[in-house]
Amino acid sequence: MTPPPPRRRRGTDGSATPARTLPRRGAVRRAQAITTYGVGALIAVDQESFIVAGIDAAEEQWPRDEAPVIHEPRLARVLGVSHFRLPPASGDDSRDGIRVRRFPLWHHCPECHALDHVRKFNSPPGRNECAECAEALVPSRFVVACEDGHIADFPYWKWLHRGRRGDGEAGFCGGRMSLHSSGRTSSLRSVVLSCSCGVPEVSMEGSFRRSALKDLNIRCEGKRPWLKDAPDRPCSQPPRTLQRGSSSVWQPVLRSALSIPPWSDTRVHALDKHWDKLRACSTLAEIEIHLKYIFDGAPSPVSPQQVLDMLTAMEAEDHTGEDGPDLDQEQRYRALRDLEYERLCAGNPEDSGHHTEQFVCEPPVGDEKPLTGLGLITPMQVKKLREVRALKAFTRVIDPETSSEGHEAELSLTPTDWLPAMEVHGEGVFLRFDEERVDAWAELPAVAARVARIRHHHQRILTERASDPTRVPSSPATPRMALLHTFAHVMINEWSLDSGYPAASLRERIYSGDEMAGVLIYTATSDSAGSLGGLVAQGEIDRLAQAVRSAVHRAEWCSADPLCVETETSGAGGTNLAACHACVMLPETSCEHNNGLLDRALLVGTPEDPSIGFFSRLLTQ
């Protein structure tokens, strides 16, 4: 992906509009356009800063001929779109790139220290520099954002002229502001604002306090600069000061699904535009007639029976649960996991499908006796898988895992029938726990008490950040979920030493529920390196048993102990117990829950009570 900077056409508000005529500057990978530099994210190109524009048709942000369609009908139906699209590719063959808009608009000159709106510097055409000093302008280090996803330039004038009368517009006092560093320290106290009107100098110290702007009656103006011509939206959320490069400025809300039979056969993609007509068919004869019409008499790549099987599966997915189609989006999304779990348990042998099959899952060959006593039942080697990750929305300031839909910022000003997405081809190992043994362990009072503390803190965060107090989601923190999640982390750390993949290239997928107790660990790379076979080989019985024992023994001790294992609360908002970066935490790309809901003691116990560890027996062998 190559995001070019926009041409600065000065308008009444000083905003800039994208232009096709400028050469491309800067490049990011396709996957980064979903996970790191997606719509609404800030991106630095050379010495300038931009915000990635929305996907509205008017933006022409995603050239259709350079943004291939991704097929995953199960996930598309849940998210209410017809299809997904890859970001445009970077490279010499790419004629265009994802569109960006200049942001923040406030800059300062490192030579004369002037601080002003970018249009006030009267830069030469095509250059971003001070007209007086010929020095490259530096974008503002600071921005303000709120929990509803709005973002704006830091209100320098209001911060400096606090307590003064006026509407707070830059230049209201008739002077010109300056920004310089005293050089005494590297703290915000050394970043000093001044104005030629004679107002006393003010440093940036204290600007990052949660209520710093609220105390000055500075409110969120509801600005959405990533959307062209978007009106300011009324907002009651208090603005927060953030560093321009902070990870809190943009966090993606991703939704993903595995391609499982019958949708994992690429031959069914030819029917994507015809499902509305095919769903009206009730017999094989009617389906056969429609197939002849669709393919204009040519042989159909799929048989009428295959189409009927897919229609049956589609009907079952649309009516999952007692309430059927009335299920909300999150419930329907969770229902996709149930179907994936069933398919992972059932498998899909390599010799039972066509070469176009994208899902191959088989049990390893050999005696399962080495797994006796580990609490695991037959594992599955996922020799071939495909995952589609779609960018549904994004959040600012708050973690998307603890936010509600009311805090999610939209990708477009008007609804679209598609979403940005990427696909991952790789391999994995599916580990399934003995549910009876897990249930017996979860009933231990000490286990329930530890997980209750995690759940209490997590539920409090969910309640605080719910946009609708009457619809607060329930915390997923249960003994089973915390056990599976922590176990997945220690196994990823263990396999990163043996499989040839670094921990950042492995990813977890947790299946926890009343009738689910499994973990899928798979490669998370978007190229051919994700299917080299090194991870599947770890699913062989002997290797797996050895890896589990090694991972449990490694988790018994942390270099931060005894502080780590004895901590009363840890992690963001207290959603962890015995978990830190020295033992079980992973790179953010590997974890589904942003390194939350973890407790190493649930695996190995504590020095005071070893029995609460699910694998405590292994430590005495």
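Note on numbering: residues in each chain are counted from 1, in written sequence order. Local features in this predicted model are restricted to residues of pLDDT 70 or higher, and side-chain atom pairs are both shown and tallied only at a pLDDT of 80 or more, whereas totals for entire chains, interfaces and linings draw on every residue. No hydrogens and no water enter the side-chain calculation; it runs on all heavy atoms of the structure.

S.K.: I'd like a description of the nonpolar core, backed by residues and values.
M.R.: Here, the term nonpolar core denotes a set of buried Ala, Val, Leu, Ile, Met, Phe, Trp, Tyr and Cys residues that are joined through side-chain atoms within 4.5 Å. Only protein chains enter the accessibility calculation, which uses a 1.4 Å probe; a residue whose area is less than 20% of its type maximum is buried, one above 50% is exposed, and one in between is partly exposed. Core analysis: the largest hydrophobic core is formed by 53 residues, its most contacted members being Phe433, Phe487, Val490, Met491, Trp495, Val548 and Phe615. By definition, any uninterrupted DSSP run of H or I lasting at least four residues is a helix, any uninterrupted run of E lasting at least two residues is a strand, and each is numbered from the N terminus. Contributing elements (two or more residues each) for this core: strand 18 (418–433), helix 9 (435–442), helix 10 (445–464), helix 11 (479–498), strand 19 (506–513), strand 20 (516–523), helix 12 (541–555) and helix 14 (601–604). Sort the elements by how many residues they give to this core and helix 11 lands first, with nine residues. In contact with phenylalanine 615, other than residues within four places in its own chain, are Leu374, Phe433, Phe487, Val548, Val552 and Leu603. Residues Ala31, Ile70, Val81 and Ala230 belong to the second largest nonpolar core, which totals 41 residues. By the convention used here, residues are in contact when the closest approach between their heavy atoms is within 4.5 Å.

S.K.: Got a sec to walk through the sheet that holds strand 5 (residues 100–102)? Specific residues and values, please.
M.R.: As summarised here, the arrangement of the three strands in space is 1-2-5, forming an open sheet in which the pairing is antiparallel. Edge positions in the sheet fall to strand 1 (42–45) and strand 5, since each has one partner strand and no second. The mean inter-strand angle of the sheet, taken between neighbouring strand axes irrespective of direction, is 40 degrees. Paired strands are those between which DSSP finds at least two bridges. Where strand 1 and strand 2 (residues 48–52) come together, four bridges link them in antiparallel fashion. Pairing of valine 45 across the sheet is with glutamate 48, part of strand 2. Note on method: axes are straight lines fitted to C-alpha atoms, helices fitted across the in-contact stretch only, with angles between N-to-C directions ranging 0 to 180 degrees.

S.K.: Outline the pattern of salt bridges, listing residues and values.
M.R.: Opposite charge on two side chains allows them to pair when their charged atoms are near. One side-chain nitrogen of Lys or Arg within 4 Å of one carboxyl oxygen of Asp or Glu is enough to make a salt bridge. Counted according to the given criterion, the structure contains 26 salt bridges. Glutamate 592 is paired through a salt bridge with arginine 337; the nearest N and O atoms lie 2.4 Å apart. Taken together, the positions of glutamate 592 in the loop between helix 13 (563–566) and helix 14 and arginine 337 in helix 8 (residues 329–346) put the pair 255 residues apart, joining distant regions of the chain. Among the residues examined, glutamate 592 registers a relative accessible area of 13% and is labelled buried. Within this structure, Glu72, Arg74, Arg386 and Glu423 form a network of salt bridges that share partners.

S.K.: Mind laying out unusual backbone geometry, listing which residues take part and the relevant values?
M.R.: Put simply, proline 261 and proline 262 share a cis peptide bond, and its omega is 5 degrees. Checked against the element boundaries, proline 262 lands in the loop between strand 15 (251–258) and helix 5 (275–278). If you check the backbone angles, asparagine 594 has positive phi at about 50 degrees while not being a glycine. Assessed through its relative accessible area of 30%, asparagine 594 is described here as partly exposed.

S.K.: Lay out the packing of aromatic side chains with the relevant residues and their values.
M.R.: In this analysis, rings of Phe, Tyr and Trp, with Trp reduced to its six-membered ring, are considered paired at centre separations within 6.5 Å, and the interplanar angle assigns stacked below 30 degrees, edge-to-face beyond 60, and tilted for intermediate values. All told, the structure shown has 16 aromatic pairs when counted by the stated rule. Judged by centre distance (4.9 Å) and plane angle (65 degrees), the rings of phenylalanine 154 and tyrosine 156 are edge-to-face. For the pair phenylalanine 154 and tryptophan 159, a centre-to-centre distance of 6.0 Å together with 65 degrees between the ring planes defines the contact as edge-to-face. Like phenylalanine 154, the residue tryptophan 159 is buried in the burial classification. Here the aromatic residues Trp106, Phe142, Phe154, Tyr156, Trp159 and Phe208 are joined through ring pairs into a cluster of three or more. Charge over a ring is defined by NZ of Lys or CZ of Arg lying within 6 Å of the ring centre and within 35 degrees of the ring normal. The ring of tryptophan 159 carries arginine 162 above its face, with NZ or CZ at 4.2 Å from the centroid.

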